[in-house]
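Residue-level listing of the chains:
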Amino acid sequence: MPTTSELDQLCVNTIRTLAMDAVQAANSGHPGTPMAMAPVAYSLWQNHLRFDPEEPIWPNRDRFVLSVGHASMLLYSLLHLCRVKAVNPKYEVVGTLSVSLDDIKKFRQLDSKCPGHPEYRWTSGVETTTGPLGQGVATSVGMAIAGKFLAATYNRPGFELFGYHVYALAGDGCMMEGVTQEAASLAGHLELGNLCWIYDSNRITIEGSTKLAFSDNVATRFTSYGWNVIRVLDANDLDLLNQAFETAKGYQTRPTLIIVDSHIGYGAPNKQDTKAAHGEPLGEEEVRLAKRFYGWPEDAKFLVPEGVPEHFAAGMGARGAAERRAWFSLFDAYRAAYPDLADAVSRMQRRELPEGWDAGLPSFPADPKGVAGRDASAKVQNAVARNLPWLLGGAADLAPSTKTLLTFDGAGDFEAGHYSARNLHFGIREHAMGAALNGMSLSKVRPYGSGFLIFSDYGRPAIRLAALMEIPVIYIFTHDSIGVGEDGPTHQPVEQLASLRAIPGLVTLRPGDANEVVEAWRVILQLRHQPACLILSRQALPTVDRSKYGAASGVAQGAYTLCDAPDPEVLLIATGSEVYLCVAAHEQLLAEGVRSRVVSMPSWDLFERQSEAYRNDVLPPAVTARVCVEQGSTMGWERYAGSQGQIIGMHTFGASAPLKDLQKKFGFDPGRVVAAAKKQLEGKARARVE
Ligand SMILES: Cc1ncc(C[n+]2csc(CCOP(=O)(O)OP(=O)(O)O)c2C)c(N)n1
Ligand SMILES: [Mg+2]
């Protein structure tokens, strides 16, 4: 019988050799960091992480985030050796392994559960998609925020339902990325004692030594952020690592950074401590030499020695199963004592809404002066937030402008020690806000974040990941166009709408009046697996008279006929503030005997999902006289304008001036739309005559 410490070593070396063999077989990947960090990951998973491989989505599990996504084989080896079970899209645990040995053998191949970088929703046990450096650690801050919120909101005396820890493994690259600084600063400020980052300090990145580009004193930096900093001088010292994790768990009001000095490619005699261990296979010969160094059979490939899975099962498996069972029996008692709270906890796990979630949504009377999109949204958001107690979020220091503050009694400000509050203050950290929203959503609360549309670019990498992960994060972007006015071109979005629409799976909605804002919220709240951007005006938009024109519920189809004429001969298609412009043009055209139809098109994405019959009904293919109007880049509108239609949009940046002057300068007035419509028809008439 091997001793415990021999078994520990065997497990560590199994993680290492699986990673080396998988990268070698794929002839691509990153072997060096799994080889170096295997003892760190082993120590954490085997002795500390509260995680049950039999039920990897148990709500109070500890989270492990591999922020160094390129070291994915480290995580896949752990998932395989711990026998983590797969979960299906309905959140049901199925009997099969999340990662089989076969998946590992097919690392980086089509359909393997082991893609190049870890992907949430594809591989069970992967808590978030990582790969873009810095995203994982920043996302972990959102998980820790959600953990604090859930504990403060749902725990009751004798019922500590939530109290999970969040661990994230970072590298030199994460430490250099800006998003990491934003997130660390926020985590320190919020005193997230449930958060622990491990920094693999191997002083190597792709180009070589970190001496080339990085000379920060990371420990000092994190101390100044309010973190507790621990140093472990040897990544192979399991005792020291254990002590470090114990110490981290003891801190209630400070996040912890454990800096681990390590050797990339540990054990590979010619590649250790070099950039060559980072991004390419070791080579057959170097693999053999490293295996010899570990005392491993040199010719064995993908070897899982007897006793290794069993050892994990006896350690993390047994501990996790006991914790999970205790949690579920606690939850049964909780359900009896607090049925409403238990119902909320259960629903949020399945991303379901509470009964009556849309009760009391406002509706806005026709009004030519109207309401700003952001003001209408504030009313709707406050109404739904009362009904949906796990809807929380905030702004990147712009809530007074984005109007996203929850103002009802008890909503409160989320600050250190006030973790049940619903208004977060992300500070001027759009990128960390985006990543934190992802972490919150992955923890199953319903998060929103807001800012000016122009600054969506600052958080775009995180938005992209939300779409890739298929999680229902809500973004509220106001100040949506040159309508911003005097702030000028730095603040006036032009290409942002087009670029958000280009993200697959992201639902973009730019409502045209207050009632469309209500309907947009209705659509967004019912999304379970898609993020959405609500794009709102700063300025007032007339509230359309719905007794005269089409119902705003058409928003759910993405586009609908707002104003019509019998047998329309020209289509006016618009979003947001330009919808009313088209309504005005339509009235004028009507008076002149021209039959136009106004199509309000708040969401391309939703429209594209409709049946062909519906799409052809709204945009009859035979009507090729078309004018599309949007205060943004014209890119993409050809799709709806057709080859002969006209697009009225922005071809340059905006300018600093009062809105009225800008509308004139850039040609957003009814007269121009009327003229464009007539020109379209003239062309057709000529064509018919010829
Ligand atoms: C945002 C981002 N930029 C660039 C890359 C490409 N990249 C992958 S790994 C890496 C170097 C990372 O170095 P480090 O974090 O020290 O990892 P190690 O080589 O030590 O494992 C780079 C630049 C990336 N994945 N994400
Ligand atoms: Mg490094």
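These notes cover the structure that comes with them. Note that residues are indexed from 1 along each chain, following the sequence as it is written. To read the labels, note that chains go from A and ligands from 1, taken in the order they are written. This being a predicted model, a pLDDT of at least 70 is required before a residue's local features are given, and a value of 80 or more before pairs of side-chain atoms are given or counted; all residues contribute to the totals for chains, interfaces and linings. Side-chain numbers come from the whole structure's heavy atoms, not from hydrogens or water.

## Regarding the coordination of the magnesium ion (ligand 2)
Selection criterion: Sodium, potassium and calcium take a 3.2 Å donor cutoff, other metals 2.8 Å, and in both cases only N, O and S atoms count; water is not among them, so sites may look incomplete.
Every protein donor of the magnesium ion (ligand 2) is listed here as Asp172 (OD), Asn202 (OD1) and Ile204 (O), and their distances to the metal cover 2.1 to 2.2 Å. Taken in chain order, the donor set of the magnesium ion (ligand 2) reads D-x29-N-x1-I.

## Side note on the site of ligand 1
We apply this condition: Neighbouring residues are identified by heavy atoms, a residue being near a molecule or strand if any of them is within 4 Å of it. Pairs of N or O atoms are called polar contacts if they sit within 3.5 Å, as long as, within protein, a hydrogen donor faces a hydrogen acceptor (for residues adjacent in sequence, only side-chain-to-side-chain pairs). The Shrake-Rupley method, run with a 1.4 Å probe sphere, supplies the accessible areas, and residue values consider only the shown protein chains as cover. Labels follow the DSSP assignment, with helices taken as runs of H or I lasting at least four residues and strands as runs of E lasting at least two, numbered in each case from the N terminus. Three categories are distinguished: nonpolar for Ala, Val, Leu, Ile, Met, Phe, Trp, Tyr, Cys and Pro, charged for Asp, Glu, Lys and Arg, and polar for the others, with Gly belonging to the last.
Neighbouring ligand 1 are 15 residues; Thr33, His70, Gly173, Asn202 and His278 lie closest to it. At 3.0 Å, a backbone N or O of Leu133 approaches a nitrogen atom of ligand 1. Asn202 has a polar side-chain atom sitting 2.6 Å from an oxygen atom of ligand 1. Expressed as a share of its isolated accessible area of 590 Å², the protein-covered part of ligand 1 is 75%. Taken together, the elements giving at least two residues each to the shell around ligand 1 come down to helix H6 (172-176) and strand S6 (204-205). Of the residues assigned to the shell around ligand 1, the class counts are five nonpolar, eight polar and two charged.

## Things to note about the nonpolar core
Note the following rule: The nonpolar core is taken to be a set of buried Ala, Val, Leu, Ile, Met, Phe, Trp, Tyr and Cys residues, with the residues joined through side-chain atoms within 4.5 Å. Throughout this description, buried means an accessible area under 20% of the type-specific maximum (1.4 Å probe, protein chains only), exposed means over 50%, and partly exposed covers the range between.
With 147 residues, the main nonpolar core has Tyr154, Trp197 and Leu572 as its most contacted residues. Ranked by residue count, the leading element in this core is helix H5 (residues 135-154), at ten residues. Core analysis: the second largest hydrophobic core is formed by 53 residues, Leu18, Ala41, Phe107 and Leu238 among them.

## Remarks on the packing of aromatic side chains
Under the convention used in this document: Between rings of Phe, Tyr and Trp, where Trp is taken as its six-membered ring, a pair exists when centres lie within 6.5 Å; planes separated by under 30 degrees are stacked, by over 60 edge-to-face, and by other angles tilted.
Under the criterion given, the structure shown has 27 aromatic pairs. Summarising the aromatic geometry, the rings of Trp45 and Phe51 are spaced 5.8 Å apart at their centres and angled 45° between planes, so their arrangement reads as tilted. The residues Trp45 and Phe51 share a single accessibility class, namely buried. With a centroid separation of 6.4 Å and 65° between ring planes, the pair formed by Phe162 and Trp327 is classed as edge-to-face.

## Some thoughts on the sheet that holds strand S11 (residues 391-395)
Just so we agree on the cut-off: Strands pair, by our definition, only if DSSP identifies at least two bridges between them. Where helices are involved, their axes are fitted lines through C-alpha atoms of the stretch in contact, as for all axes, and angles between N-to-C directions lie from 0 to 180°. Contacts were defined at the residue level, with two residues in contact if any of their heavy atoms lie within 4.5 Å.
With parallel pairing, the six strands of this open sheet are ordered in space as S12-S11-S13-S14-S16-S15. Looking at the sheet topology across the chains shown, the edges are occupied by strand S12 (423-425) and strand S15 (507-509). Neighbour to neighbour, the strand axes of the sheet diverge by 20° on average, direction disregarded. Summarising the sheet, strand S14 (residues 474-478) and strand S16 (residues 532-535) pair through four bridges and their orientation is parallel. Looking at S16, one finds that Phe477 is bridged to Ile535. Across the sheet, helix H17 (residues 456-469) is in contact with strand S13 (446-452) and S14; its angle to S14 comes to roughly 155°.

## Some words on the state of the cysteines
Basically, it comes down to this: The definition used for a disulfide is geometric: two cysteine sulfur atoms within 2.5 Å.
All told, the structure shown has zero disulfides when counted by the stated rule. In this model Cys582 remains outside any disulfide bridge; the closest cysteine sulfur is found in Cys628, 8.9 Å from its own. Judged by relative accessible area, Cys582 falls into the buried class, the value being 0%.

## Topic: the sheet that holds strand S18 (residues 560-563)
Strand order in the open sheet formed by five strands is S18-S20-S19-S21-S22, and the pairing between neighbours is mixed. Two strands lie at the open edges of the sheet, namely S18 and strand S22 (646-650), each paired on one side alone. The mean angle between the axes of side-by-side strands here comes to 25°, regardless of whether they run parallel or antiparallel. Direction of pairing for strand S19 (residues 570-574) relative to strand S20 (residues 596-600): parallel, over a ladder of five bridges. Each bridged residue has a counterpart across the sheet, and for Ile573 the counterpart in S20 is Val599.

## Considering the environment of Gly116
Topologically, Gly116 is positioned in the loop between helix H4 (101-105) and H5. With 90 residues separating them in the primary sequence, Gly116 and Ala26 have C-alpha atoms 9.8 Å apart. Beyond its immediate chain neighbours, meaning those up to four positions away, Gly116 contacts Gly69, Ser72, Phe107 and Arg108.

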